[in-house]
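Each chain, written out:
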Amino acid sequence: MIETSKAIDFARGQFSANPKVVVEAPGRINYIGEHTDYNGGLALPIAIDRGITLVITESSDGSRIRAISESQRDVVEVDLDDIVQAEAFAGWSRYLLGAVKVLLDDGYALRGADFSISSDLPLGSGLSSSAALLLAVVFGLSLHNGLDLSRDTVVELAHRAEKSYAGANVGYLDHFAIGFATSNRATMIDFATMKHKSCEIPFTELLVVDSNVHHSISDGGYGRRRVECENAAKILNHRFISEATIEEAESLSDVDLRNRAVHVVTENSRVQGVIGAFQEGKTGAHYLVESHESLRDNFQVSCAETDLIVEGVMRSGAEGARMVGGGFGGSCIVVGGDYEDLKSQVISDFSRRGFREPTFFRAGLSGVLRQAL
Ligand code: GLA
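Everything numeric here is computed off the predicted structure, so don't read it as measured data. Residue positions are given per chain, counting from 1 as you read along its sequence in written order. For a predicted model such as this one, the threshold for reporting local features is a pLDDT of at least 70, and the threshold for listing and counting side-chain atom pairs is 80 or more; totals across whole chains, interfaces and linings nevertheless cover every residue. Side-chain descriptors were evaluated using all non-hydrogen atoms of the structure, hydrogens and water having been removed beforehand.

Participant: Summarise the pattern of salt bridges; cite the residues concerned and give the values.
Facilitator: Just to be clear on terms, a salt bridge is a Lys or Arg side-chain nitrogen sitting within 4 Å of an Asp or Glu carboxyl oxygen. This structure, assessed with the given rule, holds 23 salt bridges. The partner of Asp105 in a salt bridge is Lys101, and the shortest N-O contact between them spans 2.7 Å. Taken together, the positions of Asp105 and Lys101, both in helix 2 (residues 93-105) and four residues apart, correspond to about one turn of that helix. For Asp105, a relative accessible area of 38% translates into the label partly exposed. Note on exposure labels: buried denotes an accessible area under 20% of the residue type's maximum, exposed denotes more than 50%, and partly exposed covers the range between, all computed with a 1.4 Å probe on protein chains only. Lys101 gets classed as buried once you look at its relative accessible area, which sits at 10%. A salt bridge links Arg160 to Glu156, with the nearest nitrogen and oxygen atoms 3.1 Å apart. Of the two residues, Arg160 and Glu156 are both situated in helix 4 (residues 151-165); the distance of four residues between them amounts to about one turn of the helix. When salt bridges with common partners are traced through the structure, they connect Lys20, Glu58 and Arg111 into a single cluster. Secondary structure elements are defined from DSSP: runs of H or I of at least 4 residues count as helices, runs of E of at least 2 residues count as strands, and each element is numbered from the N terminus.

As C-alpha coordinates, this is what we get:
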(Lines give C-alpha, C1' and ligand atoms only; values in the text may rest on other atoms or scores of the structure.)
Protein backbone atom coordinates (compact mmCIF):
# COMPACT_ATOMS: atom_id res chain seq x y z
CA MET A 1 0.00 0.00 0.00
CA ILE A 2 1.25 3.52 -0.75
CA GLU A 3 2.50 5.23 2.41
CA THR A 4 -0.30 7.41 3.78
CA SER A 5 2.05 10.40 4.09
CA LYS A 6 2.94 10.16 0.38
CA ALA A 7 -0.72 10.02 -0.65
CA ILE A 8 -1.40 13.04 1.56
CA ASP A 9 1.53 14.98 0.05
CA PHE A 10 0.16 14.26 -3.43
CA ALA A 11 -3.30 15.48 -2.37
CA ARG A 12 -1.89 18.67 -0.80
CA GLY A 13 0.04 19.37 -3.98
CA GLN A 14 -3.17 19.13 -6.01
CA PHE A 15 -5.70 20.87 -3.82
CA SER A 16 -3.57 22.92 -1.39
CA ALA A 17 -5.74 22.04 1.59
CA ASN A 18 -5.49 19.63 4.49
CA PRO A 19 -7.05 16.21 3.98
CA LYS A 20 -10.17 15.36 5.93
CA VAL A 21 -10.52 11.65 5.26
CA VAL A 22 -8.03 9.04 4.05
CA VAL A 23 -9.23 5.59 3.08
CA GLU A 24 -7.35 2.50 1.91
CA ALA A 25 -8.98 -0.19 -0.25
CA PRO A 26 -6.89 -3.28 -1.07
CA GLY A 27 -6.83 -5.32 -4.24
CA ARG A 28 -7.60 -9.02 -4.00
CA ILE A 29 -6.42 -12.28 -5.36
CA ASN A 30 -9.00 -15.01 -5.63
CA TYR A 31 -7.25 -18.11 -4.31
CA ILE A 32 -9.88 -20.35 -5.88
CA GLY A 33 -13.52 -20.23 -7.05
CA GLU A 34 -13.43 -18.46 -10.42
CA HIS A 35 -16.62 -17.57 -12.34
CA THR A 36 -18.68 -19.09 -9.53
CA ASP A 37 -19.98 -15.84 -7.98
CA TYR A 38 -22.72 -15.11 -10.55
CA ASN A 39 -23.53 -18.84 -10.57
CA GLY A 40 -24.51 -19.16 -6.90
CA GLY A 41 -21.27 -20.98 -6.13
CA LEU A 42 -18.31 -20.75 -3.76
CA ALA A 43 -15.12 -18.67 -3.72
CA LEU A 44 -12.13 -18.08 -1.45
CA PRO A 45 -10.58 -14.65 -2.07
CA ILE A 46 -7.79 -12.99 -0.06
CA ALA A 47 -7.10 -9.23 0.08
CA ILE A 48 -3.50 -8.20 -0.62
CA ASP A 49 -1.19 -5.48 0.71
CA ARG A 50 -1.46 -3.38 -2.46
CA GLY A 51 -4.37 -1.17 -3.26
CA ILE A 52 -5.81 2.30 -3.62
CA THR A 53 -5.40 5.20 -1.20
CA LEU A 54 -8.09 7.85 -1.49
CA VAL A 55 -7.60 11.26 0.13
CA ILE A 56 -10.65 13.51 0.48
CA THR A 57 -10.25 17.23 1.03
CA GLU A 58 -13.11 19.62 1.78
CA SER A 59 -14.13 21.39 -1.42
CA SER A 60 -13.98 25.18 -1.43
CA ASP A 61 -17.11 25.02 -3.59
CA GLY A 62 -19.86 23.29 -1.58
CA SER A 63 -21.39 21.35 -4.46
CA ARG A 64 -18.41 20.50 -6.62
CA ILE A 65 -16.69 17.13 -7.04
CA ARG A 66 -13.11 17.24 -8.29
CA ALA A 67 -10.88 14.23 -8.67
CA ILE A 68 -7.35 13.59 -9.72
CA SER A 69 -5.45 10.32 -9.92
CA GLU A 70 -1.69 9.79 -10.00
CA SER A 71 -2.14 7.33 -12.86
CA GLN A 72 -4.66 9.22 -15.04
CA ARG A 73 -4.13 12.33 -17.09
CA ASP A 74 -7.62 13.80 -17.03
CA VAL A 75 -9.06 15.62 -14.05
CA VAL A 76 -12.71 15.00 -13.25
CA GLU A 77 -14.67 18.11 -12.32
CA VAL A 78 -18.42 18.18 -12.04
CA ASP A 79 -21.19 19.80 -10.03
CA LEU A 80 -23.16 17.38 -7.82
CA ASP A 81 -26.41 18.69 -9.39
CA ASP A 82 -25.14 17.65 -12.83
CA ILE A 83 -24.49 14.01 -11.92
CA VAL A 84 -27.78 12.88 -13.44
CA GLN A 85 -26.91 11.29 -16.74
CA ALA A 86 -25.02 8.04 -16.39
CA GLU A 87 -24.30 8.13 -20.14
CA ALA A 88 -22.12 11.18 -19.55
CA PHE A 89 -19.63 9.11 -17.55
CA ALA A 90 -16.57 8.10 -19.52
CA GLY A 91 -13.15 6.56 -18.84
CA TRP A 92 -12.09 6.26 -15.21
CA SER A 93 -14.68 8.85 -14.13
CA ARG A 94 -17.33 6.12 -14.61
CA TYR A 95 -16.12 4.49 -11.41
CA LEU A 96 -15.76 7.64 -9.40
CA LEU A 97 -18.99 9.32 -10.51
CA GLY A 98 -20.85 6.00 -10.52
CA ALA A 99 -20.06 5.64 -6.81
CA VAL A 100 -21.25 9.21 -6.15
CA LYS A 101 -24.39 8.61 -8.21
CA VAL A 102 -25.56 5.49 -6.33
CA LEU A 103 -25.40 7.46 -3.08
CA LEU A 104 -27.41 10.29 -4.66
CA ASP A 105 -29.88 7.73 -6.11
CA ASP A 106 -30.53 6.45 -2.59
CA GLY A 107 -31.25 9.96 -1.37
CA TYR A 108 -28.08 10.64 0.63
CA ALA A 109 -27.22 14.35 0.86
CA LEU A 110 -23.61 14.87 -0.23
CA ARG A 111 -21.27 17.83 0.14
CA GLY A 112 -18.68 18.78 -2.44
CA ALA A 113 -15.34 17.03 -2.15
CA ASP A 114 -11.90 16.95 -3.72
CA PHE A 115 -10.56 13.44 -4.25
CA SER A 116 -7.01 12.46 -4.93
CA ILE A 117 -6.19 8.87 -5.73
CA SER A 118 -2.86 7.08 -5.35
CA SER A 119 -2.38 3.41 -6.08
CA ASP A 120 0.19 0.64 -6.20
CA LEU A 121 -2.28 -1.83 -7.69
CA PRO A 122 -1.82 -2.43 -11.42
CA LEU A 123 -4.97 -1.62 -13.44
CA GLY A 124 -6.77 -4.32 -15.45
CA SER A 125 -4.61 -7.09 -13.98
CA GLY A 126 -7.35 -9.24 -12.51
CA LEU A 127 -6.62 -7.88 -9.02
CA SER A 128 -9.83 -5.83 -8.69
CA SER A 129 -8.57 -2.31 -9.13
CA SER A 130 -12.03 -1.11 -10.19
CA ALA A 131 -13.85 -2.61 -7.19
CA ALA A 132 -11.14 -1.18 -4.88
CA LEU A 133 -11.74 2.31 -6.29
CA LEU A 134 -15.53 2.00 -5.95
CA LEU A 135 -15.32 0.77 -2.37
CA ALA A 136 -12.84 3.50 -1.46
CA VAL A 137 -15.11 6.22 -2.87
CA VAL A 138 -18.33 4.92 -1.27
CA PHE A 139 -16.63 4.34 2.10
CA GLY A 140 -14.78 7.66 1.89
CA LEU A 141 -17.97 9.59 1.09
CA SER A 142 -19.76 7.88 3.96
CA LEU A 143 -17.06 9.18 6.34
CA HIS A 144 -16.83 12.62 4.71
CA ASN A 145 -20.58 13.16 4.95
CA GLY A 146 -21.12 11.45 8.33
CA LEU A 147 -23.47 8.87 6.75
CA ASP A 148 -22.28 6.02 8.96
CA LEU A 149 -23.07 3.38 6.32
CA SER A 150 -22.80 -0.24 7.42
CA ARG A 151 -20.20 -2.43 5.73
CA ASP A 152 -23.01 -4.37 3.98
CA THR A 153 -24.38 -1.15 2.52
CA VAL A 154 -20.94 0.02 1.35
CA VAL A 155 -20.42 -3.31 -0.42
CA GLU A 156 -23.89 -3.30 -1.99
CA LEU A 157 -23.56 0.30 -3.23
CA ALA A 158 -20.09 -0.32 -4.70
CA HIS A 159 -21.39 -3.37 -6.55
CA ARG A 160 -24.45 -1.46 -7.81
CA ALA A 161 -22.22 1.38 -9.02
CA GLU A 162 -20.12 -1.03 -11.08
CA LYS A 163 -23.16 -2.79 -12.54
CA SER A 164 -25.26 0.27 -13.24
CA TYR A 165 -22.74 2.96 -14.13
CA ALA A 166 -19.42 1.37 -15.04
CA GLY A 167 -20.85 -0.88 -17.76
CA ALA A 168 -19.79 -4.21 -16.23
CA ASN A 169 -22.33 -6.88 -15.27
CA VAL A 170 -20.00 -8.35 -12.66
CA GLY A 171 -20.83 -10.60 -9.73
CA TYR A 172 -20.26 -9.82 -6.05
CA LEU A 173 -16.87 -11.52 -5.66
CA ASP A 174 -14.60 -8.46 -5.75
CA HIS A 175 -16.79 -6.21 -3.59
CA PHE A 176 -17.22 -8.90 -0.92
CA ALA A 177 -13.54 -9.85 -1.07
CA ILE A 178 -12.44 -6.26 -0.40
CA GLY A 179 -15.30 -5.01 1.78
CA PHE A 180 -15.22 -7.96 4.19
CA ALA A 181 -11.48 -8.69 4.11
CA THR A 182 -9.68 -9.47 7.36
CA SER A 183 -5.92 -9.20 7.55
CA ASN A 184 -4.05 -12.45 6.84
CA ARG A 185 -7.26 -14.46 6.44
CA ALA A 186 -9.22 -15.67 3.42
CA THR A 187 -12.94 -14.99 3.02
CA MET A 188 -15.12 -18.03 2.29
CA ILE A 189 -18.15 -16.87 0.34
CA ASP A 190 -21.26 -18.84 -0.58
CA PHE A 191 -23.02 -16.83 -3.29
CA ALA A 192 -26.23 -18.89 -3.07
CA THR A 193 -26.90 -17.55 0.43
CA MET A 194 -24.52 -14.54 0.32
CA LYS A 195 -23.05 -15.76 3.63
CA HIS A 196 -19.36 -15.27 4.24
CA LYS A 197 -16.84 -15.95 6.98
CA SER A 198 -13.10 -15.73 7.28
CA CYS A 199 -10.67 -18.62 7.59
CA GLU A 200 -7.00 -19.05 8.44
CA ILE A 201 -4.44 -19.20 5.63
CA PRO A 202 -1.40 -21.44 6.13
CA PHE A 203 1.02 -18.97 4.42
CA THR A 204 1.65 -15.22 4.50
CA GLU A 205 2.45 -14.26 0.91
CA LEU A 206 1.95 -15.36 -2.69
CA LEU A 207 3.83 -14.69 -5.88
CA VAL A 208 1.78 -12.70 -8.40
CA VAL A 209 2.78 -12.69 -12.06
CA ASP A 210 0.98 -10.03 -14.08
CA SER A 211 0.89 -11.17 -17.72
CA ASN A 212 0.63 -7.51 -18.78
CA VAL A 213 -2.19 -8.52 -21.11
CA HIS A 214 -4.81 -6.16 -19.81
CA HIS A 215 -8.48 -6.80 -20.22
CA SER A 216 -11.72 -4.95 -19.74
CA ILE A 217 -14.63 -6.87 -18.32
CA SER A 218 -17.02 -4.95 -20.56
CA ASP A 219 -15.34 -6.38 -23.68
CA GLY A 220 -17.95 -9.11 -24.19
CA GLY A 221 -16.33 -12.45 -23.32
CA TYR A 222 -17.33 -12.15 -19.65
CA GLY A 223 -20.95 -11.29 -20.47
CA ARG A 224 -21.20 -14.21 -22.92
CA ARG A 225 -19.99 -16.67 -20.27
CA ARG A 226 -22.66 -15.38 -17.89
CA VAL A 227 -25.41 -15.91 -20.46
CA GLU A 228 -24.15 -19.42 -21.28
CA CYS A 229 -24.19 -20.36 -17.58
CA GLU A 230 -27.71 -18.96 -17.18
CA ASN A 231 -28.88 -20.92 -20.23
CA ALA A 232 -27.31 -24.14 -18.92
CA ALA A 233 -29.09 -23.64 -15.56
CA LYS A 234 -32.41 -23.00 -17.33
CA ILE A 235 -32.15 -26.20 -19.41
CA LEU A 236 -31.47 -28.21 -16.26
CA ASN A 237 -34.27 -26.46 -14.34
CA HIS A 238 -32.00 -24.98 -11.71
CA ARG A 239 -31.88 -21.44 -10.35
CA PHE A 240 -28.07 -21.51 -10.62
CA ILE A 241 -25.80 -23.91 -12.48
CA SER A 242 -24.00 -24.52 -9.15
CA GLU A 243 -27.07 -26.55 -8.08
CA ALA A 244 -26.43 -29.12 -10.84
CA THR A 245 -24.67 -32.43 -10.25
CA ILE A 246 -21.67 -33.31 -12.40
CA GLU A 247 -23.84 -35.92 -14.21
CA GLU A 248 -26.41 -33.25 -15.07
CA ALA A 249 -23.68 -30.87 -16.27
CA GLU A 250 -22.18 -33.60 -18.45
CA SER A 251 -25.58 -34.46 -19.93
CA LEU A 252 -25.94 -31.08 -21.67
CA SER A 253 -25.90 -31.64 -25.43
CA ASP A 254 -24.50 -28.22 -26.41
CA VAL A 255 -20.73 -28.53 -26.08
CA ASP A 256 -20.15 -24.94 -24.91
CA LEU A 257 -22.91 -25.04 -22.32
CA ARG A 258 -21.67 -28.44 -21.13
CA ASN A 259 -18.10 -27.19 -20.72
CA ARG A 260 -19.17 -24.03 -18.85
CA ALA A 261 -21.38 -26.06 -16.50
CA VAL A 262 -18.66 -28.67 -15.87
CA HIS A 263 -16.24 -25.88 -14.95
CA VAL A 264 -18.59 -24.30 -12.41
CA VAL A 265 -19.63 -27.58 -10.78
CA THR A 266 -16.05 -28.88 -10.47
CA GLU A 267 -14.71 -25.46 -9.38
CA ASN A 268 -17.13 -25.44 -6.43
CA SER A 269 -15.73 -28.86 -5.36
CA ARG A 270 -12.20 -27.51 -5.66
CA VAL A 271 -13.08 -24.59 -3.35
CA GLN A 272 -14.30 -27.11 -0.78
CA GLY A 273 -11.11 -29.10 -1.29
CA VAL A 274 -8.95 -26.05 -0.57
CA ILE A 275 -11.00 -25.10 2.52
CA GLY A 276 -10.35 -28.65 3.82
CA ALA A 277 -6.64 -28.33 3.00
CA PHE A 278 -6.38 -24.94 4.80
CA GLN A 279 -7.99 -26.51 7.89
CA GLU A 280 -5.14 -29.05 7.89
CA GLY A 281 -2.53 -26.32 7.47
CA LYS A 282 -1.88 -27.25 3.80
CA THR A 283 -1.96 -25.04 0.68
CA GLY A 284 -4.15 -27.29 -1.50
CA ALA A 285 -1.92 -26.11 -4.37
CA HIS A 286 -2.83 -28.94 -6.76
CA TYR A 287 -6.41 -27.62 -6.84
CA LEU A 288 -5.03 -24.39 -8.35
CA VAL A 289 -3.57 -26.25 -11.31
CA GLU A 290 -6.84 -28.15 -11.85
CA SER A 291 -8.72 -24.86 -11.66
CA HIS A 292 -6.45 -23.30 -14.27
CA GLU A 293 -6.88 -26.27 -16.62
CA SER A 294 -10.64 -26.04 -16.30
CA LEU A 295 -10.61 -22.27 -16.89
CA ARG A 296 -8.44 -22.91 -19.97
CA ASP A 297 -10.30 -25.90 -21.44
CA ASN A 298 -13.89 -25.72 -20.16
CA PHE A 299 -14.51 -22.06 -19.44
CA GLN A 300 -12.06 -20.87 -22.11
CA VAL A 301 -11.07 -17.62 -20.43
CA SER A 302 -7.30 -18.04 -20.13
CA CYS A 303 -4.92 -16.77 -22.81
CA ALA A 304 -1.58 -17.87 -24.29
CA GLU A 305 0.37 -15.69 -21.82
CA THR A 306 -1.35 -16.90 -18.62
CA ASP A 307 -1.13 -20.53 -19.85
CA LEU A 308 2.59 -20.05 -20.47
CA ILE A 309 3.13 -18.63 -16.96
CA VAL A 310 1.39 -21.60 -15.33
CA GLU A 311 3.24 -24.17 -17.48
CA GLY A 312 6.60 -22.46 -16.88
CA VAL A 313 6.33 -22.14 -13.10
CA MET A 314 5.06 -25.73 -12.74
CA ARG A 315 8.04 -26.97 -14.79
CA SER A 316 10.45 -25.08 -12.53
CA GLY A 317 9.32 -26.25 -9.12
CA ALA A 318 6.09 -24.44 -8.12
CA GLU A 319 3.51 -26.44 -6.16
CA GLY A 320 0.53 -24.81 -7.84
CA ALA A 321 -0.47 -21.84 -10.02
CA ARG A 322 -3.45 -20.45 -11.87
CA MET A 323 -4.89 -17.36 -13.53
CA VAL A 324 -7.06 -15.18 -11.28
CA GLY A 325 -10.03 -12.92 -12.01
CA GLY A 326 -12.23 -12.70 -15.06
CA GLY A 327 -9.54 -13.88 -17.47
CA PHE A 328 -8.58 -12.96 -21.07
CA GLY A 329 -5.28 -11.76 -19.59
CA GLY A 330 -4.57 -10.46 -16.10
CA SER A 331 -2.47 -12.13 -13.43
CA CYS A 332 -1.51 -15.58 -12.17
CA ILE A 333 -0.85 -16.59 -8.58
CA VAL A 334 1.91 -19.05 -7.77
CA VAL A 335 2.37 -21.19 -4.65
CA GLY A 336 5.77 -22.67 -3.70
CA GLY A 337 8.99 -22.88 -5.69
CA ASP A 338 12.05 -20.65 -5.72
CA TYR A 339 11.23 -17.05 -6.69
CA GLU A 340 14.37 -16.50 -8.83
CA ASP A 341 14.04 -19.89 -10.62
CA LEU A 342 10.37 -19.28 -11.46
CA LYS A 343 11.05 -15.75 -12.62
CA SER A 344 13.92 -16.63 -14.96
CA GLN A 345 11.96 -19.55 -16.43
CA VAL A 346 8.93 -17.36 -17.22
CA ILE A 347 11.06 -14.51 -18.59
CA SER A 348 12.90 -16.85 -20.95
CA ASP A 349 9.65 -18.57 -22.08
CA PHE A 350 8.10 -15.16 -22.78
CA SER A 351 11.11 -13.94 -24.69
CA ARG A 352 11.15 -17.11 -26.83
CA ARG A 353 7.50 -16.55 -27.76
CA GLY A 354 8.04 -12.82 -28.39
CA PHE A 355 5.61 -11.80 -25.60
CA ARG A 356 6.01 -8.59 -23.60
CA GLU A 357 7.80 -9.30 -20.31
CA PRO A 358 5.45 -9.94 -17.38
CA THR A 359 5.70 -8.22 -13.99
CA PHE A 360 6.45 -10.18 -10.80
CA PHE A 361 5.71 -9.22 -7.23
CA ARG A 362 5.27 -10.85 -3.87
CA ALA A 363 1.87 -10.02 -2.41
CA GLY A 364 1.46 -9.96 1.36
CA LEU A 365 -2.02 -11.02 2.46
CA SER A 366 -2.78 -8.24 4.92
CA GLY A 367 -5.23 -6.02 3.03
CA VAL A 368 -8.32 -4.49 4.70
CA LEU A 369 -10.73 -1.71 3.72
CA ARG A 370 -9.98 0.89 6.37
CA GLN A 371 -9.84 4.52 7.38
CA ALA A 372 -6.17 5.50 7.45
CA LEU A 373 -6.78 9.05 8.80
C1 GLA B 1 -14.25 -10.64 -12.35
C2 GLA B 1 -15.60 -10.21 -11.82
C3 GLA B 1 -16.05 -11.08 -10.64
C4 GLA B 1 -15.93 -12.57 -10.95
C5 GLA B 1 -14.56 -12.87 -11.57
C6 GLA B 1 -14.44 -14.28 -12.05
O7 GLA B 1 -13.26 -10.38 -11.40
O8 GLA B 1 -15.55 -8.88 -11.40
O9 GLA B 1 -17.38 -10.76 -10.27
O10 GLA B 1 -16.96 -13.01 -11.76
O11 GLA B 1 -14.27 -12.02 -12.67
O12 GLA B 1 -14.43 -15.16 -10.97
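Next comes the rest of the description.
Participant: Describe the site of the ligand, listing the residues and the values that go with them.
Facilitator: Looking at the ligand, there are 13 residues lining it, with Glu34, His35, Asp37, Asp174 and Tyr222 nearest. As used in this structure description, the phrase polar contact means that two N or O atoms lie within 3.5 Å; if the pair is within protein, one of them must be able to donate a hydrogen and the other to accept it, and residues adjacent in sequence are counted only when both atoms belong to side chains. Gly326 is positioned with one of its backbone polar atoms (N or O) 3.2 Å from an oxygen atom of the ligand. Areas reported here follow the Shrake-Rupley algorithm with a probe of radius 1.4 Å; residue values treat only the protein chains shown as occluding. For the ligand, whose free accessible area comes to 310 Å², the fraction covered by protein is 96%. Each of domain 1 (4-200 + 367-371) and domain 2 (205-363) gives at least three residues to the shell around the ligand. Residues are labelled near a given molecule or strand when at least one of their non-hydrogen atoms is within 4 Å of it. Domain delimitation in this document rests on an assignment produced automatically or drawn from a domain database.

Participant: Which residues make up the domain arrangement of the protein chain, and what are the values?
Facilitator: By a widely used convention, the size of an interface equals the accessible area lost when the partners come together. According to the domain assignment, the protein chain contains domain 1 (4-200 + 367-371) and domain 2 (205-363). Taking only C-alpha atoms into account, the centre of domain 1 sits 25 Å from that of domain 2. It only takes one pair of heavy atoms within 4.5 Å for two residues to be counted as in contact. Each partner contributes to the interface: domain 1 provides 36 residues, whereas domain 2 provides 45 residues. Run the count over domain 1 and domain 2 and you get one salt bridge. Between domain 1 and domain 2 we count 18 residue pairs in polar contact (both at pLDDT 80 or more) in total. Listing elements by their share of the side of domain 1 that touches domain 2, those giving two or more residues are strand 1 (19-30), strand 2 (42-43), strand 3 (45-58), strand 7 (185-190) and strand 8 (195-200). Note that Gly is not counted as nonpolar here; it falls among the polar residues with everything else outside the nonpolar set of Ala, Val, Leu, Ile, Met, Phe, Trp, Tyr, Cys and Pro and the charged set of Asp, Glu, Lys and Arg. Tallied by class, residues from the side of domain 1 that touches domain 2 come to 17 nonpolar, 13 polar and six charged.

Participant: Break down the environment of Ile32 for me, with residues and values.
Facilitator: Relative to the elements of secondary structure, Ile32 occurs in the loop between strand 1 and strand 2. Owing to a relative accessible area of 0%, Ile32 belongs among the buried residues under this scheme. In this structure, the C-alpha to C-alpha distance between Ile32 and Ile246, residues 214 residues apart in sequence, is 19 Å. Aside from chain neighbours lying at most four places away, what touches Ile32 is Ala43, Leu44, Glu267, Arg270, Val271, Val274, Tyr287, Leu288, Ser291 and Arg322.

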